[in-house]
Amino acid sequence: MAALPLLATAVLLVGLLWSATRAMPVAWIIALVVGFVVWGLPVDWLAASSLVGVITALEILFIVAGALVLLYTMLQAGALDRINKGFAAVSADRRVQIILLGFFMATFIEGAAGFGTPAAVVAPLLLGLGFPALAAVIAALIGHVIAVTYGAVGTPIIVGIEAPFAEGRYPEALAEGGFEVTEFSQEVAAWAATYHALVGFLMPLMAVAMVTYFFGEERSLEPTREVVPLALVAGVSFVVPYWVSAWFITAEFPSLIGAMVGGTVTVGLLNAGYLVPDDEWEFPERDRWADHWVGDIEPGGEEMARDDDREMSLLKAWSPYIILVVLLVVTRAVDPISDAISNGDNTVSVAVDGLGEFAFGVILEWDAILGYEALGSDIGLVNVPGFWLFLSAIAAIFIFGMSGDEIAAAWKEAGQKLVAPLIALVFVISMVQVMLNAGTYYGIEGMLNGTAPPEVLASGAADIWKNANMIEVLAVATADTLGNVYPAIASLVGALGAAMTGSNTVSNLTFSQFQFTVAQQIDVPTQLVVGAQAVGGAMGNLVAIHNVVAALATVGLVGQEGRIMRLNLIPLLYYATGVGLLTMLFSFVIFTGVFWAGGVRVTCTGTQP
């Protein structure tokens, strides 16, 4: 019964190819029914849990809105086109363009914006350079995967990992192991970066191989062999600063730092004449392309830049993103500023009987939702990256001297793109919160001291499982079934979540507690298994329907979702195999005595806990 909401999501999204705006309201209703009928939760508790999900969704949408406004401001000003031309001028070789645009630019945009933005931006840029539409989407989707775990300035970690472990039994469980919630999420982020670095450094090579093999004159990997040195240097120059950032700086910047440092190193080497392929590789003649390679927009035939006669240097084009990175670094690294914008004391509080306690200021907060002290949520209005994304977009208006019509067009385009994510995220995260809060209502104390409702106490130990939420129930069942084999498939669980919901953040929200509890059940390090979850949520973006549809729409090729997903199963299989082997190796061989696994292992025989 606990699995029903997730099974419904999988069937509707993956099986029937429903849109998230149709599928997630149905899955949410199923979660409500399971909570009411099976867990015996009151209607107002279910409503309050859903409201927690709505607030969390609004925080994510605040980030998405800022990212989209900045993106379309850059597009209207012609800045993205200038950045694109800067990359293209380095080399006309399609393989080099895949590495520079499909990998470095995609990872940078993922680090700054996230939420499916890279493929939707990079794919049309590659199309404008003359790539077949299908190849452009594949290159963009593969190229950005390594950055997704730290996308949108670390949102999958900050929201997806920290939020679930800040509630229920988890803060106490983490404290027993010597961790605060933030410290634990940083550990998870660091180990996720380790998995990514050891597997993902080959993704530039993988992107090139997929394009040259499936879109070349003949199906051969020979063109890929010629750029192996360049692809490896690109991958390593990205993952080294990326890994260092995750371990020693913060979970918010690995993708941004990796892309900026790696891209600078790689472009510098190419400009100096190093690693440049001897021959330029090109696609076959246009009349030899398969029909499904191209959609409504002719490659290279539609001008991707806006009609604009203003001159712009490359530094000027990059300046809004540079401002964004500086603002984010300062507001997180300078303690007085960080404390001021995240301090709950800098708010005004109002209590409303029956509704809860509200706070307004640098943080928007709603505690004791509908009178339940255990349920509450907040939006760090100034601390959330969305605030600084909007500020950078406003700065871009003045930097580029944009007209009123251009500004209006940018904001209108961004607003139109927010409608579908708004509906999908509100319902998917509300479903997740209903599942996560199912066990909080009674609490173990209520079961043991007799304060739980009579109908719950009547069955005694047989119903003590109601103290667990739906995800924890699934975790125990999975651990009992797979045992010590589980770490090998932990990342695939995260990938499933992202593939269903189109979001690494939502996958982490849904499954991080699941992964933690399974790790406890089989006595392996929780950080390693939850880290594999964070990586899996990134992997799933290769086949996430939301991302695939969004990317295909930007190149006029809607309807080829199945073909994209089938082809992308190849890099997904590579990534899942590599991360699965590393998780097993780390958990049972290399780091067995290093980490605290946490909690107490619980086994059940019949109805006796």
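To start, this report covers the structure provided alongside it. Bear in mind the structure is a predicted one, so any value in this text is a computation, not a measurement.

1. Observations concerning the overall build of the protein
1) Next: Regarding its fold elements, the protein presents 27 helices and four strands.
2) Next: Within the protein, counting contacts between residues at least 6 apart in sequence, those at least 24 apart form 77% of the total.
3) Next: Per element, the accessible surface of the protein, about 23000 Å² overall, is 63% carbon and sulfur.

2. Here's the deal with the nonpolar core
1) Next: Grouped together as the largest cluster of nonpolar side chains are 200 residues, with contacts concentrated most on Tyr150, Phe165, Phe215, Met431, Phe514 and Tyr575.
2) Next: Counting residues per element, this core draws most heavily on helix H3 (residues 43-77), at 21 residues.
3) Next: The residues touching phenylalanine 514, leaving out its near neighbours within four places in the chain, are Ile471, Leu474, Ala475, Thr478, Tyr486 and Val493.

3. What about the packing of H3 against helix H18 (residues 385-400)?
1) Next: With their axes 7 Å apart at the nearest point, H3 and H18 run at an angle of 15° to one another. Judged by the angle between their axes, H3 and H18 are roughly parallel. Where H3 crosses over H18, the handedness of that crossing is left-handed. Together, Phe62, Ile63, Ala65, Gly66, Ala67, Val69, Leu70, Thr73, Met74 and Ala77 of H3 and Pro385, Gly386, Phe387, Leu389, Phe390, Ser392, Ala393, Ala396, Ile397 and Phe400 of H18 make up the contact between the two elements.
2) Next: Residues that form the contact of H3 with H18 fall into these classes: 16 nonpolar, four polar and no charged.

4. Examining the pattern of salt bridges
Pairing between side chains becomes possible if they bear opposite charge and their charged atoms approach one another.
1) Next: A full pass over the atoms with the stated rule returns five salt bridges.
2) Next: Arginine 95 is the partner of aspartate 93 in a salt bridge, and the nearest nitrogen-oxygen pair spans 2.7 Å.
3) Next: Assessed through its relative accessible area of 1%, aspartate 93 is described here as buried.
4) Next: Residue arginine 95 is classed as buried on the basis of its relative accessible area of 0%.
5) Next: Overlapping salt bridges bring together Asp93, Arg95 and Glu226 as one network.

5. Points about the sheet that holds strand E1 (residues 347-352)
1) Next: Spatially, E1-E2-E3-E4 is the arrangement adopted by the four strands of the open sheet, whose pairing is antiparallel. Looking along the sheet, the strands with just one partner apiece sit at the ends: E1 and strand E4 (377-379). In this sheet, neighbouring strand axes are inclined to one another by 10° on average, regardless of whether the strands run parallel or antiparallel.
2) Next: Relative to strand E2 (residues 356-361), E1 runs antiparallel, the two sharing six bridges. The residue bridging valine 350 from the neighbouring strand is phenylalanine 358, located in E2.

6. As for the packing of aromatic side chains
1) Next: Across all of its chains, the model carries 34 aromatic pairs by this definition.
2) Next: Between tryptophan 45 and tyrosine 372, the aromatic rings sit 4.9 Å apart at their centres with planes inclined by 85°, giving edge-to-face as the arrangement. Taken together, the positions of tryptophan 45 in helix H3 and tyrosine 372 in the loop between strand E3 (364-367) and E4 put the pair 327 residues apart, joining distant regions of the chain.
3) Next: Classification of tryptophan 45 by relative accessible area gives buried; the value is 3%.
4) Next: A centroid spacing of 6.0 Å and a plane angle of 45° characterise the contact between tryptophan 289 and tryptophan 293, whose relative ring orientation is tilted.
5) Next: What makes tryptophan 293 buried here is its relative accessible area of 9%.
6) Next: These aromatic residues form a ring-pair network of at least three members: Trp191, Tyr195, Trp243, Trp247, Phe248, Phe586 and Phe591.

7. Quick word on unusual backbone geometry
1) Next: Even without glycine at this site, leucine 275 takes up a positive phi of about 65°.
2) Next: The phi dihedral of aspartate 523 falls on the positive side, at around 60°, and the residue is not glycine.
3) Next: Summarising the element assignment, aspartate 523 is placed in the loop between helix H24 (504-521) and helix H25 (526-539).

8. Points about a nonpolar patch on the surface
1) Next: Taken together, the side chains of Val236, Val240, Trp243, Val244, Phe248 and Ile249 define a hydrophobic patch exposed on the protein surface, amounting to about 550 Å² of accessible area.
2) Next: Relative to the helices and strands, valine 240 is located in helix H14 (residues 228-248).

9. Side note on helix H15 (residues 254-271)
For the α-helix, the turn length of 3.6 residues means that residues three or four positions removed from each other point alike.
1) Next: In this model H15 runs 25 Å from its N-terminal to its C-terminal C-alpha over 18 residues, within 8% of the 26 Å that 1.5 Å per residue would give.
2) Next: When H15 is considered as a whole, its buried residues turn out to be Pro254, Ser255, Leu256, Gly258, Ala259, Gly262, Gly263, Thr266, Val267 and Leu270.
3) Next: One or two steps after H15, the chain reaches glycine 273, where phi turns positive at roughly 95°.

10. Here's the deal with the environment of arginine 286
1) Next: Along the chain, the position of arginine 286 falls in the loop between H15 and helix H16 (314-333).
2) Next: Here the alpha-carbon distance between arginine 286 and glycine 130, two residues 156 residues apart in the chain, equals 9.7 Å.
3) Next: Once residues within four sequence positions are removed from consideration, arginine 286 is found in contact with Val294 and Glu298.

Quick notes on the rules
Residues numbered from 1 in each chain as written. Predicted model: local features only at pLDDT ≥ 70, side-chain atom pairs only at ≥ 80, totals over all residues. Heavy atoms only, no water. Helix = DSSP H or I, 4+ residues; strand = E, 2+ residues; numbered from the N terminus. Contact = heavy atoms within 4.5 Å. Areas by Shrake-Rupley, 256 points an atom, 1.4 Å probe, with all protein chains shown as cover. Core = buried A, V, L, I, M, F, W, Y, C linked by side-chain atoms within 4.5 Å. Buried < 20%, exposed > 50% of the residue type's maximum accessible area, 1.4 Å probe, protein only. Axes fitted to C-alpha atoms, helices over the stretch in contact; angles between N-to-C directions. Parallel < 35°, antiparallel > 145°, perpendicular 65-115°, else oblique. Left-handed = near helix turned anticlockwise from the far one by under 90°. Nonpolar A, V, L, I, M, F, W, Y, C, P; charged D, E, K, R; others polar. Salt bridge = Lys/Arg side-chain N within 4 Å of Asp/Glu carboxyl O. Pairing = 2+ DSSP bridges. Phe/Tyr/Trp six-rings, centres within 6.5 Å; stacked < 30°, edge-to-face > 60°. Patch = residues over 30% accessible without salt bridge, like charges linked within 9 Å, V, L, I, M, F, W, Y side chains within 5 Å. Expected span 1.5 Å × (residues − 1).

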